[in-house]
Amino acid sequence: MDVVAKQGQIFGNQAKAALPGSRTVLAFSYPGYNEMLTGHPDARINTNEYGPNPNVSVYEWLNQAPDLHGRVAAFASWHAFKDIFNEPRQLVLQAGSTRLAGNRSGPREALLDQL
């Protein structure tokens, strides 16, 4: 669980007004989320209805690590995250009103369903 803390990077220094920013010129959701989750803008993603994201997110990258595989999940309220995270690539994802498959009988699962 210390991979990002040990091997990751933090950009910007608010105290020196050096804040990171988006490089995408499109000021709406999908392109911005793609950049935040993959680390780079993609000029092909130019609409909120783009479809499955061809880029690998940091979540998918982490899920490929042997010690984290199957332990990474994304929970989002907007149905478009199914495309932004490219759901068919097997990241555990709950987006929009879709519920996770499988045994959902524990108290933690009930709380997630309620939220």
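Treat the numbers as computed from the prediction; the structure is a model and nothing was measured. (Residues numbered from 1 in each chain as written. Predicted model: local features only at pLDDT ≥ 70, side-chain atom pairs only at ≥ 80, totals over all residues. Heavy atoms only, no water.)

1. Overview of the nonpolar core
Generally speaking, soluble globular proteins have nonpolar side chains that are buried together.
Here is step 1: V72, A74, F81, I84, F85, L91 and L93 are the most contacted members of the largest nonpolar core, which has 15 residues in total.
Here is step 2: The set of elements that each furnish at least two residues to this core consists of α2 (29-38), β1 (73-76), α4 (81-84) and β2 (92-95).
Here is step 3: When sequence neighbours within four positions are dropped, the list of residues in contact with L91 reads Y59, N63, V72, A74 and F85. (Core = buried A, V, L, I, M, F, W, Y, C linked by side-chain atoms within 4.5 Å. Buried < 20%, exposed > 50% of the residue type's maximum accessible area, 1.4 Å probe, protein only. Helix = DSSP H or I, 4+ residues; strand = E, 2+ residues; numbered from the N terminus. Contact = heavy atoms within 4.5 Å.)

2. Overview of the pattern of salt bridges
Here is step 1: Taken as a whole and judged by the stated rule, the model has 2 salt bridges.
Here is step 2: Among the salt bridges present, the one from D42 reaches R44, with a minimum N-O distance of 2.6 Å.
Here is step 3: Close ionic contact of E60 with R89 constitutes a salt bridge, the shortest N to O distance being 2.5 Å. With E60 in helix α3 (residues 58-63) and R89 in the loop between α4 and β2, this residue pair connects regions lying 29 residues apart in the sequence. (Salt bridge = Lys/Arg side-chain N within 4 Å of Asp/Glu carboxyl O.)

3. Things to note about unusual backbone geometry
Here is step 1: Its identity as a non-glycine residue notwithstanding, N86 has a phi of 50°, on the positive side.
Here is step 2: With respect to the element layout, N86 can be found in the loop between α4 and β2.
Here is step 3: Classification of N86 by relative accessible area gives buried; the value is 10%.

4. Some thoughts on α2
Residues that lie three or four places apart on an α-helix share one face, since the helix turns once every 3.6 residues.
Here is step 1: Burial within α2 is extensive, with 7 of its 10 residues counted as buried.
Here is step 2: Taken residue by residue, α2 has Y30, P31, G32, N34, E35, L37 and T38 as its buried positions.
Here is step 3: On its buried face, α2 is in contact with α3 and α4.
Here is step 4: Looking at the residues trailing α2, positive phi occurs at G39, about 95°.

5. Section: the packing of aromatic side chains
Here is step 1: Taken as a whole and assessed by the stated rule, the structure comprises 6 aromatic pairs.
Here is step 2: Relative to Y50, the ring of Y30 has its centre 5.9 Å away and its plane inclined at 80°; by these criteria the two rings are edge-to-face. Of this pair, Y30 sits in helix α2 while Y50 sits in the loop between α2 and α3, and the two are 20 residues apart along the sequence.
Here is step 3: Summarising the aromatic geometry, the rings of Y59 and F85 are spaced 5.1 Å apart at their centres and angled 85° between planes, so their arrangement reads as edge-to-face. Here F85 lies in the loop between α4 and β2 and Y59 lies in helix α3, a separation of 26 residues in the sequence.
Here is step 4: Among the aromatic residues, ring-to-ring pairing joins Y33, Y59, W78, F81 and F85 into one connected group. (Phe/Tyr/Trp six-rings, centres within 6.5 Å; stacked < 30°, edge-to-face > 60°.)

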